[in-house]
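# Topology and contacts: notes
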Amino acid sequence: MDRIRIRGGNKLNGTIQISGAKNAALPLMIASLLTSETLTLKNVPRLADVTLLLRILRNHGADMKMDGKRTRTAAMNGETVHLTAAEIVDTEAPYELVSRMRASFWVLGPLLARCHETRVSLPGGCAIGTRPVDLYLMALDRLGAEIELEGGYVIARAKGGLVGDRIVFPKVSVGATHTAMMAAALARGETVIENAAREPEVCDVADCLVKMGAQIEGIGSSTLHIQGVERLHGATHSVLPDRIETGTYAIAAGMTGGDVTLCGTRADQLDSFLDAMREAGISVEATDDSLRIRRNGNGLRPISVETQPYPGFPTDLQAQIMALMTKADGVSTIRETIFENRFMHVQELARLGAEISLHGDTAHVKGVPRLVGAQVMATDLRASVSLVIAALAAEGETMLNRVYHLDRGFEALEVKLGRCGADIERISD
Ligand code: UD1
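Here we come to the sheet that holds strand β20 (residues 331-335). In space, the four strands of this open sheet follow the order β19-β20-β22-β21, with mixed pairing throughout. Both outer strands of the open sheet, β19 (304-306) and β21 (355-359), are each paired with one neighbouring strand and no more. Sheet twist, expressed as the average angle between the axes of neighbouring strands with direction ignored, equals 15°. Against the sheet, helix α10 (residues 318-325) makes contact with β20, β21 and β22 (362-366), and its axis sits at roughly 170° relative to β20, the strand it touches most.

And the structure:
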């Protein structure tokens with residue numbers, strides 16, 4: 001199993017190219033199941049989750065080519081992917097695959113909409129809480145599906161097809177919004193989705209569905225009007241830049257000090273995060289497609305952050321901002337309102353010398369003058385990268401174990417940081 005060794009203390013200086021967003025690429029790939037024609041996706045990040053999803057889609061009958069070349073294996077080796085689900089050969093998504101990546105549960109919507117029946121394994125709990133699927137099932141029920149739960153599987157049927165209706169989400173859910181939107185695109189009549197997620201990744205998927213012939217109004221707002229169509233067609237779409245990767249490297253630069261430019265990104269999708277960075281005393285300069293992050297000499301100020309659905313502060317940057325605050329001059333408060341139990345990184349950060357106390361959904365982070373390298377373990381994707389950030393500013397050597405969590409969501413992390421001067425190396429045993 002790979003490990004990552006970091007010797008802390010180097011300032012980061014240079015340029016980092018931001019990859020396509022994992023959280024948009026996955027649902028976009030799943031949207032290919034809605035049409036028999038080819039969906040071409042550009043700027044797809046090279047990540048373990050993408051490779052796994054390609055395998056899952058292949059199981060359902062999708063044919064894939066990368067960079068115009070046909071591949072024999074589903075290994076991810078290019079950033080343009082052509083997906084053609086001319087025929088759905090299997091409407092079942094088995095436990096072995098869905099349990100490895102929660103987002104693969106999202107095949108439920110398109111398979112039901114196109115084939116009128118499907119059997120998809122429940123994803124189960126995970127390291128960041130119970131993560132139920134009640135909102136997905138409620139949405140599909142509203143569109144006329146009959147749903148049974150049996151043996152750990154969701155069995156959904158819609159004889160004669162789905163029918164549009166009004167869906168009011170009691171809580172904002174990214175995955176349930178993707179599911180409702182994709183299902184409604186092929187339902188008969190109009191669907192109105194209220195309290196829809198407004199995350200940029202949801203908008204990116206909606207934009208792609210429109211290119212495929214879907215009729216969606218209100219993209220970017222919390223109410224979506226979708227007029228169902230009989231069929232969708234092929235399209236070409238470029239995955240939007242990863243705002244979480246952008247925020248993560250911005251924090252790494254602020255943590256170590258130095259001067260880093262993040263290219264190929266969208267600063268306008270990170271407003272609440274960038275406000276927090278400025279409040280912490282980090283200089284942020286944004287252009288249309290880049291961000292320059294600097295901290296020269298001055299200390300970090302403590303801040304108060306609360307995670308919220310977009311446009312609020314993203315939960316996917318909570319662990320990273322906590323790592324940053326371990327070095328601030330004072331006590332910061334970080335409240336997690338999206339996922340219970342998303343504090344797995346706290347204990348590991350403490351191994352590096354951080355002083356953090358937890359009170360329910362709130363963490364108090366008391367800045368310390370120095371962190372010291374140690375053996376640490378990655379627990380989930382965002383938690384792992386918070387340990388990398390802390391290690392970059394710690395004295396001595398940190399060894400990060402269970403790196404596969406990082407590979408799920410960060411493309412070539414050690415290469416990108418290494419080019420900016422970090423002393424970081426992957427060790428393959
Ligand atoms: C997506 C992102 C994840 C991000 C999260 C919140 C992907 C692949 N993953 O996850 O990185 O952290 O959005 O921005 O895009 N909930 C229910 N019932 C449901 C569904 C969700 O109660 O049926 C709850 C969840 O437990 C959580 C909240 O709703 O408390 C938000 O979850 P959701 O937005 O659905 O997260 P994901 O789509 O799983």
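More follows now that the structure is in view.
Across soluble globular proteins, nonpolar side chains have a tendency to be buried as a group. Of all hydrophobic cores here, the largest spans 81 residues; its most connected members are Leu 34, Leu 57, Phe 105, Leu 162, Met 181 and Leu 209. In this structure, Leu 209 is in contact with Ala 31, Leu 34, Met 181, Met 182, Ala 214 and Ile 216, ignoring residues within four places of it in sequence. Counting residues in each nonpolar core, the second largest holds 69 residues, with Ile 4, Met 277, Leu 381 and Ile 389 among its members.

In this section: the sheet that holds strand β24 (residues 397-401). Taken in spatial order, the four strands line up as β23-β24-β1-β25 in an open sheet, and their pairing is mixed. Each having just a single partner strand, β23 (375-377) and β25 (423-427) make up the two edges of the open sheet. Between one strand axis and the next, the sheet turns by 20° as a mean value, whatever way the strands run. As defined by bridge partners, strand β1 (residues 3-7) adjoins β24 across four bridges and the pair is classed as antiparallel. Across the sheet, residue Ile 4 finds its bridge partner in β24, namely Leu 400. Lying over the sheet, helix α12 (residues 381-393) contacts β1, β23, β24 and β25, oriented at roughly 170° with respect to β24.

Under the criterion given, the structure shown has two aromatic pairs. Their ring planes at 75° and their centres at 5.3 Å tell us that Phe 105 and Tyr 136 sit as a pair that is edge-to-face. In this pair, Phe 105 sits in the loop between α3 (95-98) and α4 (108-115) while Tyr 136 sits in helix α5 (residues 134-142), placing the two residues 31 residues apart along the sequence. Between Phe 273 and Phe 313 the ring centres are 6.1 Å apart and the planes differ by 50°, which places this aromatic pair in the tilted class. One end of the pair, Phe 273, is in helix α9 (residues 271-279); the other, Phe 313, is in the loop between β19 and α10, with 40 residues separating them in the sequence. The ring of Tyr 153 has Arg 119 sitting right over it, with the charged end atom 4.0 Å from the ring centre.

Turning our attention to the packing of α5 against helix α6 (residues 174-185). With their axes 8 Å apart at the nearest point, α5 and α6 run at an angle of 20° to one another. Taken together, α5 and α6 sit at an angle that is classed as roughly parallel. Crossing hand, α5 versus α6: right-handed. Here Leu 135, Tyr 136, Ala 139 and Leu 140 of α5 come into contact with α6, specifically with Gly 175, Ala 176, Thr 179, Ala 180 and Ala 183. When the residues that make up the contact of α5 with α6 are grouped by side-chain class, the tally is seven nonpolar, two polar and no charged.

When pLDDT drops low, the exact placement of atoms in the prediction is not to be read closely. For the protein, the mean per-residue pLDDT works out to 93, and 96% of the residues sit at or above 70. Contacts for the low-pLDDT stretch residues 69-77, under 50 throughout, to residues beyond four places or in other chains number 27 contacts.

Criteria and thresholds
- The written sequence of each chain sets the order in which its residues are numbered from 1.
- Confidence filtering applies because this is a predicted model: local features only for residues at pLDDT of at least 70, side-chain atom pairs given and counted only at 80 or more, and all residues used for totals across whole chains, interfaces and linings.
- Only heavy atoms go into the side-chain values, all of them from the structure, while hydrogens and water stay out.
- One bridge is not enough; two strands pair if DSSP finds at least two bridges between them.
- Elements are defined by DSSP. Helices are runs of H or I of four residues or more, strands are runs of E of two residues or more, and each kind is numbered from the N terminus.
- Throughout, an axis means a line fitted to C-alpha atoms (over the contacting stretch in the case of helices), and angles, computed between N-to-C directions, take values from 0 to 180 degrees.
- Residue contacts follow a heavy-atom distance rule, with two residues in contact if any of their heavy atoms lie within 4.5 Å.
- Nine residue types can take part in a nonpolar core, namely buried Ala, Val, Leu, Ile, Met, Phe, Trp, Tyr and Cys, and a core is a set of them joined through side-chain atoms within 4.5 Å.
- Buried means the residue's accessible area, taken with a 1.4 Å probe over protein chains only, is under 20% of the maximum for its type, while exposed means over 50%, and partly exposed covers the values in between.
- The criterion for an aromatic pair is that two Phe, Tyr or Trp rings (for Trp, the six-membered ring) have centres within 6.5 Å, with stacked assigned to planes under 30 degrees apart, edge-to-face to planes over 60 apart and tilted to the rest.
- Geometrically, a lysine NZ or arginine CZ counts as sitting over a ring once it is within 6 Å of the ring centre and also within 35 degrees of the ring normal.
- For this classification, under 35 degrees means roughly parallel, over 145 means roughly antiparallel, 65 to 115 means roughly perpendicular, and everything else is oblique.
- Note on convention: near helix rotated counterclockwise from far helix by under a right angle means a left-handed crossing. Clockwise means right-handed.
- Ten residues, namely Ala, Val, Leu, Ile, Met, Phe, Trp, Tyr, Cys and Pro, are considered nonpolar, four, namely Asp, Glu, Lys and Arg, are considered charged, and the remaining ones, Gly among them, are considered polar.
- Residue-level confidence of the predictor is what pLDDT reports, using numbers from 0 through 100.

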